[in-house]
Amino acid sequence: MSIRHGLLALLERGPRYGSQLRTEFESRTGSTWPLNVGQVYTTLNRLERDGMVAQGGEDTAGHTLYAITDSGRAELRTWFEKPVDRTSPARDELAIKLAMAVGAPGVDIRAVIQSQRRHTVKAMQDYTRLKAQALLAVEGGGARERDDVAWLLVLEQLIFQTEAEARWLDHCESRLIRLSTMTTPGTAGMPGTPGTPAAAPAAQAVSAAPAAPASPASPASPATPAAPIAPSTSVAPGTSAP
């Protein structure tokens, strides 16, 4: 995640001080990726060092204000125009965990998959409920409409992400069961004996969960996914929406 570019985007709307930038960043992303003030000021210092922001006096409360420079605007434009690089994907803890569980002594990989599936389905359901709230906020309009639309887009990304994870977990279980028929029975790490049926797909497991209402009036609300979605923390969500 680029905190650096996120702060530049907020500063393009006008001078801000550190705590204000943190609040606006979290409001725009629904606190999915919380920041602390230390991170904000460390990033601002680096941006100032690189000539992308400059201190611009103080507000009436004595807060030091930062303003974006022409160099910062050019950097921001480049960021918006350049695709996010997917050639070097970030490490994924779940993928690494399953890779290491294959063949690990004493590890029931199917139990690992099923445990994760339950968590993923719960997250999908929670994200779907949050999406319904975001849609209501967007439809209601108001001064925070821009932030509500931004939060809706983040939620929908988290919903799509968890749906993809659920499908991948189903695939992993099916794959391991097929492979177990080609190995000696009892091979450590393989999911049970040949012919053991895979667990019901996650899509079926969540079919009863309430789907978020679709709204034609919503500027950014695609069709709600067949399966509901994930974690209801104040928001430090993760995948996408219909």
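Use the structure listed above.
Residues numbered from 1 in each chain as written. Predicted model: local features only at pLDDT ≥ 70, side-chain atom pairs only at ≥ 80, totals over all residues. Heavy atoms only, no water.

Some details on the packing of aromatic side chains
As enumerated under the stated definition, the model contains two aromatic pairs in all. Between Trp79 and Phe80 the ring centres are 5.2 Å apart and the planes differ by 40 degrees, which places this aromatic pair in the tilted class. (Phe/Tyr/Trp six-rings, centres within 6.5 Å; stacked < 30°, edge-to-face > 60°.)

Some words on the environment of Thr120
One can find Thr120 in helix α6 (residues 109-140). Separated by 42 residues in sequence, Thr120 and Thr162 place their C-alpha atoms 6.3 Å apart. At a separation of 2.6 Å, a polar atom in the side chain of Thr120 contacts the side chain of Glu165. (Helix = DSSP H or I, 4+ residues; strand = E, 2+ residues; numbered from the N terminus. Polar contact = N/O pair within 3.5 Å; in protein donor to acceptor, adjacent residues only side chain to side chain.)

A word on the nonpolar core
Residues Leu7, Leu8, Leu11, Leu21, Val40, Leu44 and Val53 are the most contacted members of the largest nonpolar core, which totals 16 residues. Taken together, the elements giving at least two residues each to this core come down to α1 (3-11), α2 (18-29), α3 (37-49) and β2 (64-68). Counting residues per element, this core draws most heavily on α1, at five residues. Here Leu21 is in contact with Leu7, Leu10, Leu11, Arg16, Val40 and Leu44, once residues within four sequence places are set aside. Tyr127, Ala134, Leu152 and Leu158 belong to the second-largest nonpolar core, a separate cluster that totals twelve residues. (Core = buried A, V, L, I, M, F, W, Y, C linked by side-chain atoms within 4.5 Å. Buried < 20%, exposed > 50% of the residue type's maximum accessible area, 1.4 Å probe, protein only. Contact = heavy atoms within 4.5 Å.)

Details of the pattern of salt bridges
In this structure the tally under the stated criterion is twelve salt bridges. Here Asp70 and Arg73 are joined by a salt bridge, their closest N and O atoms 3.4 Å apart. Linking Asp70 with Arg73, this pair stays in helix α4 (residues 70-81), spanning three residues, or about one helical turn. Judged by relative accessible area, Asp70 falls into the exposed class, the value being 64%. Put simply, Arg129 and Asp126 hold a salt bridge, and the shortest N to O gap is 2.1 Å. Here Asp126 and Arg129 lie together in helix α6, a separation of three residues that amounts to about one turn. Residue Asp126 is classed as buried on the basis of its relative accessible area, which comes to 1%. Each member of the salt-bridge network shares a partner with another, and the members are Arg110, Arg117, Asp170 and Glu173. (Salt bridge = Lys/Arg side-chain N within 4 Å of Asp/Glu carboxyl O.)

As for the side chain of Glu26
Tracing the sequence through the fold places Glu26 in helix α2. The side chain of Glu26 sits in the buried core without any salt bridge; Arg22 is the nearest counter-charge, 5.0 Å away. Discounting chain neighbours no more than four positions away, the residues touching Glu26 are Ser31, Pro34 and Leu35. (Lys, Arg positive; Asp, Glu negative; His and termini not counted.)

Here's the deal with the packing of α1 against α3
Interhelical geometry of α1 versus α3 gives an angle of 80 degrees and a closest axis separation of 10 Å. Judged by the inter-axis angle, α1 sits roughly perpendicular to α3. Contact residues: Ile3, Arg4, Leu7, Leu8 and Leu11 in α1; Gln39, Val40, Thr43, Leu44 and Leu47 in α3. Here the residues of the contact of α1 with α3 are counted per class, giving seven nonpolar, two polar and one charged. (Axes fitted to C-alpha atoms, helices over the stretch in contact; angles between N-to-C directions. Parallel < 35°, antiparallel > 145°, perpendicular 65-115°, else oblique. Nonpolar A, V, L, I, M, F, W, Y, C, P; charged D, E, K, R; others polar.)

A look at the pairing of β2
Pairing analysis gives four bridges linking strand β1 (residues 53-58) to β2, with the strands arranged antiparallel. Counterpart to Gln55 in the pairing with β2 is Tyr66. Once β1 ends, the chain turns through five residues before running back antiparallel as β2, passing Gly62 with a positive phi of about 90 degrees. (Pairing = 2+ DSSP bridges.)

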